[in-house]
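Commentary on secondary and tertiary structure
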2 protein chains.
Amino acid sequence: MTKQWLAGIDVGGTTMKMAFFTEKGECVDKWEVPTNTEDEGIHIIDDIVDAIDEKLTKNNATRHDLIGVGLGAPGFIEVETGRIIEAVNVGWKDFPLTERLEAALEVPVAVDNDANIAALGERWLGAGDGAENVLFVTLGTGVGGGLISDRRIIHGESGFGGEIGHITAVTEGGAPCNCGKTGCLETISSATGIRRLGLEAVESGKTGMLSSTYEKEGDLTAKDVLDAAKAGDEAADEIVEYAMYHLGFALANLANAMNPNTIVIGGGVSKAGEFIIDRIRTHFQAYAIPKVGEDTNIRIATLGNDAGIVGGAWLASQRV
Amino acid sequence: MTKQWLAGIDVGGTTMKMAFFTEKGECVDKWEVPTNTEDEGIHIIDDIVDAIDEKLTKNNATRHDLIGVGLGAPGFIEVETGRIIEAVNVGWKDFPLTERLEAALEVPVAVDNDANIAALGERWLGAGDGAENVLFVTLGTGVGGGLISDRRIIHGESGFGGEIGHITAVTEGGAPCNCGKTGCLETISSATGIRRLGLEAVESGKTGMLSSTYEKEGDLTAKDVLDAAKAGDEAADEIVEYAMYHLGFALANLANAMNPNTIVIGGGVSKAGEFIIDRIRTHFQAYAIPKVGEDTNIRIATLGNDAGIVGGAWLASQRV
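Position numbers for residues start from 1 in each chain and track the written sequence from start to end. As they are written, the chains are lettered A onward and the ligands numbered 1 onward, keeping that order. Local features in this predicted model are restricted to residues whose pLDDT is 70 or higher, and side-chain atom pairs enter the listing and the counts only when it is 80 or higher, whereas totals over whole chains, interfaces and linings include all residues. Think of the side-chain values as coming from all heavy atoms in the structure, minus any hydrogens and water.

- Going by an unreviewed UniProt entry, chain A carries the name Glucokinase and comes from Texcoconibacillus texcoconensis.
- UniProt positions are given in the numbering used here, feature names are shortened, and annotations may be inferred rather than shown by experiment. In its Sequence similarities (unreviewed entry) section, the UniProt entry covering chain A states "Belongs to the ROK (NagC/XylR) family."

Have a look at this one:
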């Protein structure tokens, strides 16, 4: 009888997180190794194989005990073939990841991008709590996401599925976005957007905690704005309210079309917890179909940096 | 060797459309029978079985030549079990359709609601042209839809998937919608919405073709508004522009999240053809991620009333 473990791998620009899970989602072992981005990331395959073999041995197991490996990577990925079109931080360019890793490990391998893998992880063992239909949103440098319908990621025609950060929030006079448009949700509700709005408030001469922090530190972070809002600062509160209004509105319209069970909010900004969730909920319910507004759970992500390895393991279970 | 046909059935309140297709989508035979809504629709099962048996015999075939049956019905359906929660026009209430029809026909049966079945039909043999990721929108009494990702319908958690008519278009002071909210896309871009805007224009004293039609007919239809716009009437043109702006905007935001290959526009309003498609495209491209804007095809539906039987046949092919 083999152990039937699932391996989840989250490849980042500096470290690779790895773990073995049982099919029920119990973590058997969890560890990290550095990412060797030299020579266009060519050494990463051997590093993964060595790390897995070593940990298998340590756990009295062999490769036969692995059902499969699921791997998340940053960048643009052709999911059907497991080919990395480009992963700048890692060095891969037009790299046949699944093919190479399967040849080296002799175990089935599945890959997807890091946002989708994190969404799968939160759906399975995180705030999604096993629901079949989950929208996952990350509020970080940008606004990213992964949309899950019937437990499957919506990749879309060219892999742009889940790019909810580029939903247009402000139709005229919005801030420019990296995508080439203006007024994208990402320009408002991301950490970058909240910081931008904070700096604008200071520049426009608004007094209060934001301007005093700015005078002291010479800069302002999204966390400064969120903390000031929590502490009752008026200007900061307006910014957080504005950012969460646009997020709630965009999520309501997406939920009207997709009818998820749960919306999971992750990323740096989500650390503000119930303070932002309550606001998102209020605005969401104002614009959702009444039954959708009542039935959709909105929750803060719970897995943190482990979402990738958990989602990788789940993807591995589906590949077989 | 059996013939391997697929049967598609579109159950409406007055007639049931039926057809046999080959697996490649060639129509073998197509016919209609009246819908007997008496006694809560209990006779419909026998009527379907009789009609299918008769047409099989006529085509020198037997039930063994059928791979499966796919059926679309109006109303609320529990897709996994094939149970009709309620189909008011047909009379069914809490009716185990799949179970009953499978028992009577001894052939696998799949069911879904009429909008989703039409979406599957347009995706397979209509304007979707076989694409895997298609958004289908109907502009009729309301704004309905079916969202297809990876050739599968997005049903959502409670079957509300595809309810894009209730995306909020106007955040403040919008017209009341049947769903309980205000400002829904449906209140603007449906035939009902376009008619409403036309009547409002007449009431507000706008002169031109709309007011003269209203004086002559005592009423106004969406077609009157669309025809007047085509003929260059200014007030009508503003209404059509407004309706297509909101549709294009909503579809762009949905496409930013879902990255479809094709958006198919059906329903009565779609008969205005390129006149509205050009406008939808313009507004869509203004708010879509540039690559999504370039790559998404926007087309008028091509199957008309046959979308349901085609989609039913395709669903039948997937059930097995």
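**As for the pairing of strand S10 (residues 143-149) of chain B**
All names here are of chain B.
- Burial here depends on accessible area, computed with a 1.4 Å probe over protein chains only, as a share of the maximum for the residue type. Under 20% is buried, over 50% is exposed, and the range in between is partly exposed. Numbering of helices and strands runs from the N terminus; a helix is a DSSP stretch of H or I covering at least four residues, while a strand is a stretch of E covering at least two. The buried fraction of S10 amounts to seven of the seven residues, a majority that puts the element mostly inside the structure.
- A two-sided burial pattern is seen for S10, the buried positions comprising Val143, Gly145, Leu147 and Ser149 on one face and Gly144, Gly146 and Ile148 on the other.
- Inspection of the sheet shows strand S9 (residues 134-139) paired to S10 by six bridges, in the antiparallel sense. In the strand pairing of S10, Leu139 is matched with Val143.
- Pairing between two strands requires that DSSP report at least two bridges joining them. The antiparallel hairpin formed by S9 and S10 contains three residues in its connecting segment.
- The pairing of S10 with strand S11 (residues 152-153) spans two bridges and is classified as antiparallel. What sits directly across from Ser149, in S11, is Arg152.
- Connecting S10 to the antiparallel partner S11 that follows it, the hairpin turn spans two residues, and Asp150 within it adopts a positive phi of roughly 55 degrees.

**Comments concerning the domain arrangement of chain A**
Residue and element names in this part refer to chain A.
- Looking at chain A, the domain boundaries give domain 1 (5-122 + 306-319) and domain 2 (130-301).
- Only heavy atoms matter for contacts: two residues are in contact if any of them lie within 4.5 Å across the pair. Each side of the interface is counted separately: domain 1 has 10 residues, and domain 2 has 12 residues.
- By definition, the buried area sums, over both parts, the 1.4 Å-probe accessible area that each loses when the two are put together. In this assembly, domain 1 packs against domain 2 so that about 990 Å² is buried in total across both faces, 65% of it on carbon and sulfur atoms.
- Counting the surface domain 1 buries against domain 2, the share from its top three residues, Asn116, Ala119 and Glu122, is 44%.
- Here a polar contact is taken to be a pair of N or O atoms separated by no more than 3.5 Å, where protein atoms must pair a possible hydrogen donor with a possible acceptor and residues adjacent in sequence count only if both atoms sit in side chains. Across the contact surface, domain 1 and domain 2 share one residue pair in polar contact (both at pLDDT 80 or more).
- No other element matches helix H4 (residues 114-125), which puts six residues into the side of domain 1 that touches domain 2.
- Residue classes follow a fixed rule: Ala, Val, Leu, Ile, Met, Phe, Trp, Tyr, Cys and Pro count as nonpolar, while Asp, Glu, Lys and Arg count as charged, and any other residue, Gly among them, counts as polar. The residue makeup of the side of domain 1 that touches domain 2, split by class, is seven nonpolar, one polar and two charged. An automatic or database domain assignment is the source of the domain bounds shown.

**Regarding the sheet that holds strand S3 (residues 27-34) of chain A**
Residue and element names in this part refer to chain A.
- Spatially, S3-S2-S1-S4-S8 is the arrangement adopted by the five strands of the open sheet, whose pairing is mixed. Of all the strands in the sheet, the pair left with one neighbour each is S3 and strand S8 (109-113). For this sheet, the mean angle separating the axes of adjacent strands, direction not counted, is 15 degrees.
- In the packing of helix H3 (residues 97-105) onto the sheet, contacts are made with strand S4 (66-73) and S8, and the angle to S8 comes to roughly 150 degrees.
- Only C-alpha atoms enter the line fits that serve as axes; for helices the fit covers just the stretch in contact. Angles between N-to-C directions range over 0 to 180 degrees. Its contacts with the sheet place helix H12 (residues 307-319) against strand S1 (5-11), strand S2 (15-21), S3, S4 and S8, and it is angled at close to 130 degrees to S1.

**Concerning H12(A)**
- A helix's residues, less one, multiplied by 1.5 Å, set its expected span. In a regular helix each residue adds 1.5 Å, so 13 residues correspond to 18 Å; H12(A) covers 18 Å between its end C-alpha atoms and thus fits that length.
- In this structure, the buried side of H12(A) is in contact with S1, S2, S3, S4, S8 and H4 of chain A.

**Thoughts on the interface of chain B and chain A**
- At the interface, 41 residues of chain B touch 41 residues of chain A.
- Summed over both partners, the interface of chain B with chain A buries about 3200 Å², with 57% contributed by carbon and sulfur atoms.
- In the sections that follow, a salt bridge refers to a side-chain nitrogen of Lys or Arg positioned within 4 Å of a carboxyl oxygen of Asp or Glu. Taken together, chain B and chain A are joined by two salt bridges.
- For Asp150(A), the salt bridge goes to Arg152(B), with nearest N and O atoms at 3.5 Å.

**Overview of the sheet that holds strand S13 (residues 297-300) of chain B**
Residue and element names in this part refer to chain B.
- With mixed pairing, the five strands of this open sheet are ordered in space as S11-S10-S9-S12-S13. Because the sheet does not close on itself, it has two edges, and the strands there are S11 and S13.
- Pairing of S9 with strand S12 (residues 262-266) involves five bridges; the strand directions are parallel. The partner of Phe136 across the bridge, within S12, is Val264.

**Notes on the packing of aromatic side chains**
- Note on ring pairs: Phe, Tyr and Trp rings are taken, using the six-membered ring of Trp, and paired if centres are within 6.5 Å. Classes follow the plane angle, with under 30 degrees stacked, over 60 edge-to-face and the rest tilted. Throughout the structure, instances matching the rule amount to 14 aromatic pairs over all chains.
- Ring plane angle 20 degrees and centroid distance 5.6 Å describe the contact between Trp5(A) and Phe20(A), whose orientation is recorded as stacked. Here Trp5(A), found in strand S1, pairs with Phe20(A), found in strand S2; they are 15 residues apart in sequence, far enough to count as distant.
- On the basis of relative accessibility, which here comes to 0%, the residue Phe20(A) falls in the buried class.
- Taken together, the ring pairs in this structure connect Trp5(A), Phe20(A) and Trp31(A) into an aromatic cluster.
- The lysine or arginine in question, Arg123(B), covers the ring of Trp314(B), its NZ or CZ lying 4.8 Å from the ring centre. A ring is scored as having a charge over it whenever the NZ atom of a lysine or the CZ atom of an arginine sits within 6 Å of its centre and within 35 degrees of its normal.

**What about a negative patch on the surface?**
- Together, Glu78(A), Glu80(A), Glu157(A) and Glu132(B) give the surface a local cluster of negative charge.
- Mapped onto the secondary structure, Glu157(A) falls in the loop between strand S11 (152-153) and helix H5 (186-189).
- Taking the relative accessible area as the measure of exposure, Glu157(A) reaches 35% and is therefore partly exposed. Patch rule: a residue counts if its relative accessible area is over 30% and it has no salt bridge; like charges are joined within 9 Å, and nonpolar side chains (Val, Leu, Ile, Met, Phe, Trp, Tyr) within 5 Å. Using a 1.4 Å probe, accessible areas were evaluated by the Shrake-Rupley method; residue-level cover was limited to the displayed protein chains. A positive count includes Lys and Arg, and a negative count includes Asp and Glu. His and the chain ends are not counted in either. By convention, the point assigned to a charge is CZ for Arg, NZ for Lys, CD for Glu and CG for Asp.

**As for the pairing of strand S8 (residues 109-113) of chain B**
All names here are of chain B.
- Among the five residues of S8, five are classified as buried, and the element is accordingly described as predominantly covered.
- Of the two faces of S8, the one carrying Val109, Val111 and Asn113 and the one carrying Ala110 and Asp112 are both buried.
- Where strand S4 (residues 66-73) lies against S8, five bridges are found, and the strand directions are parallel. Pairing of Gly70 across the sheet is with Ala110, part of S8.

**Some remarks on the relation of the copies chain B and chain A**
- What sets the superposition is a least-squares fit of C-alpha atoms, and only residues with pLDDT of at least 70 in both copies go into it. Note on the copies: chain B fits chain A at an RMSD of 0.0 Å, the axial shift is 0.0 Å, and the rotation between them is 180 degrees. What the superposition gives is, in effect, a two-fold axis relating one chain to the other. Across chain B, the rotation axis passes nearest the C-alpha of Leu254(B), at a separation of 3.5 Å.
- Taken together, the interface assignments show that 100% of the residues at the interface of chain B recur at the interface of chain A, consistent with an identical surface on both copies.

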